[in-house]
Amino acid sequence: LVLVALSRGNLAMAQSTPLPTIAVSPGSSVVVDPNSVVDYVHTITNTGAVDVLVGFEAVASESWPVDFFNATYPGGTTVGLPLPLRVGESMTMGIRLTVPVTASPGVVNTTTLTVTLIYEGEPYMSVAAKDIAVVRKQEPQFTYIYLPLVLRNYALLLNGDFSDGL
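It should be emphasised that the depicted structure is a prediction, and the values quoted were computed from it without experimental measurement.

Draft legend 1. Representation of the environment of Ser63 in the model. Topologically, Ser63 is positioned in the loop between strand S6 (52-60) and strand S7 (66-69). Residues Ser63 and Thr110 lie 47 residues apart in sequence; the distance between their C-alpha atoms is 9.8 Å.

Here's what the structure looks like:
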């Protein structure tokens, strides 16, 4: 962007400062079982004209445990450390949600990933993506009871012929 201004016949040119911006891939929805783990993966891209740091925060609406994972932290971490992101580069950040064994069928959890762009040491802007997990409704489990089957030869009883025994 070039700004041109005329003042008393003098031509003045000023160039604007490039602004930092980021983009985050959208969230997704999944159906989960109690006592399971679901991984959501997002792509964060530096769409601006300057190098930045990005910080992360994830919050589960049902207060279920959430961890971050990526190439730096493949085993997961709860700390969303600011990570560098150069102009035009992308990185992936995963969110690992642990669904408790006590999760009730039909419960909907929304996990919000907030990515904060840090520019010149200060938070500059934030972008959020929402991931949804719906706990599967379990079909009732049928219990079968096997009883002994007793057969009688009613034809013999009706004829009164017991010569072959019972």
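Draft legend 2. Quick peek at the pattern of salt bridges. As enumerated under the stated definition, the model contains three salt bridges in all. A salt bridge links Arg136 to Asp33; the shortest N-O distance between them is 2.7 Å. Of the two residues, Arg136 is situated in the loop between strand S11 (122-135) and helix H1 (154-159) and Asp33 in the loop between strand S4 (29-32) and strand S5 (36-46); the sequence distance between them amounts to 103 residues. Under the relative-accessibility criterion, Arg136 is labelled partly exposed at 37%. On the basis of relative accessibility, which here comes to 32%, the residue Asp33 falls in the partly exposed class.

Draft legend 3. Here's a closer look at unusual backbone geometry. One non-glycine residue with positive phi stands out, namely Asn35, at about 60 degrees. On the secondary structure map, Asn35 appears in the loop between S4 and S5. According to the relative accessible area criterion, Asn35 is exposed, its value standing at 59%. Despite not being glycine, Glu120 has its phi angle at roughly 55 degrees, a positive value. Inspection of the secondary structure puts Glu120 in the loop between strand S10 (108-119) and S11. When its relative accessible area of 68% is taken as the criterion, Glu120 is described as exposed.

Draft legend 4. Highlighting the side chain of Thr112. Along the chain, Thr112 turns up in strand S10. Here Lys130 takes part through its side chain, which lies 3.2 Å from a polar atom of the side chain of Thr112. The contacts of Thr112, once residues within four sequence positions are left out, are Glu57, Ala58, Val59, Ala128, Ala129 and Lys130.

Draft legend 5. Molecular detail of the pairing of S10. Across eight bridges, S6 lies against S10 in antiparallel orientation. Note on S10: the bridge partner recorded for Val59 is Thr112.

Draft legend 6. Representation of the sheet that holds S7 in the model. Spatial ordering of the open sheet is given by S3-S5-S9-S7, a layout of four strands whose pairing is antiparallel. Of all strands in the sheet, those with a lone pairing partner are strand S3 (22-24) and S7, marking the two edges. Each neighbouring strand pair of the sheet contributes to a mean axis angle of 25 degrees, computed without reference to strand direction. By the bridge criterion, four bridges tie S7 to strand S9 (residues 90-99) in an arrangement that is antiparallel. Of the residues in S9, the one forming a bridge with Asp67 is Arg96.

Draft legend 7. Fine view of the nonpolar core. By size, the foremost hydrophobic cluster in this structure holds 30 residues, and its most contacted members are Ile44, Val52, Val54, Phe56, Leu97 and Val115. Of all the secondary structure elements, the ones that give two or more residues to this core are S3, S5, S6, S7, strand S8 (83-85), S9, S10 and S11. A per-element tally of this core places S9 first, with five residues. Beyond its immediate sequence surroundings of up to four residues, Leu97 is in contact with Ser36, Val37, Val38, Tyr40, Ala60, Trp64, Pro65, Val66, Asn109, Thr111 and Ala133.

Draft legend 8. Region of the structure containing the packing of aromatic side chains. Tallying each qualifying case throughout the model produces two aromatic pairs. Plain terms: the ring middles of Phe56 and Phe68 are 6.2 Å apart, the flat faces sit at 55 degrees to each other, and that makes the pair tilted. Residue Phe56 is located in strand S6, and its partner Phe68 is located in strand S7; the two are separated by 12 residues in the primary sequence. Summarising the burial analysis for this pair, Phe56 and Phe68 share the class buried. The ring of Phe69 has Arg96 lying over it, and the distance from NZ or CZ to the ring centre is 4.2 Å.

Analysis parameters
Residues numbered from 1 in each chain as written. Predicted model: local features only at pLDDT ≥ 70, side-chain atom pairs only at ≥ 80, totals over all residues. Heavy atoms only, no water. Helix = DSSP H or I, 4+ residues; strand = E, 2+ residues; numbered from the N terminus. Salt bridge = Lys/Arg side-chain N within 4 Å of Asp/Glu carboxyl O. Buried < 20%, exposed > 50% of the residue type's maximum accessible area, 1.4 Å probe, protein only. Polar contact = N/O pair within 3.5 Å; in protein donor to acceptor, adjacent residues only side chain to side chain. Contact = heavy atoms within 4.5 Å. Pairing = 2+ DSSP bridges. Axes fitted to C-alpha atoms, helices over the stretch in contact; angles between N-to-C directions. Core = buried A, V, L, I, M, F, W, Y, C linked by side-chain atoms within 4.5 Å. Phe/Tyr/Trp six-rings, centres within 6.5 Å; stacked < 30°, edge-to-face > 60°. Lys NZ or Arg CZ within 6 Å of the ring centre and 35° of its normal.

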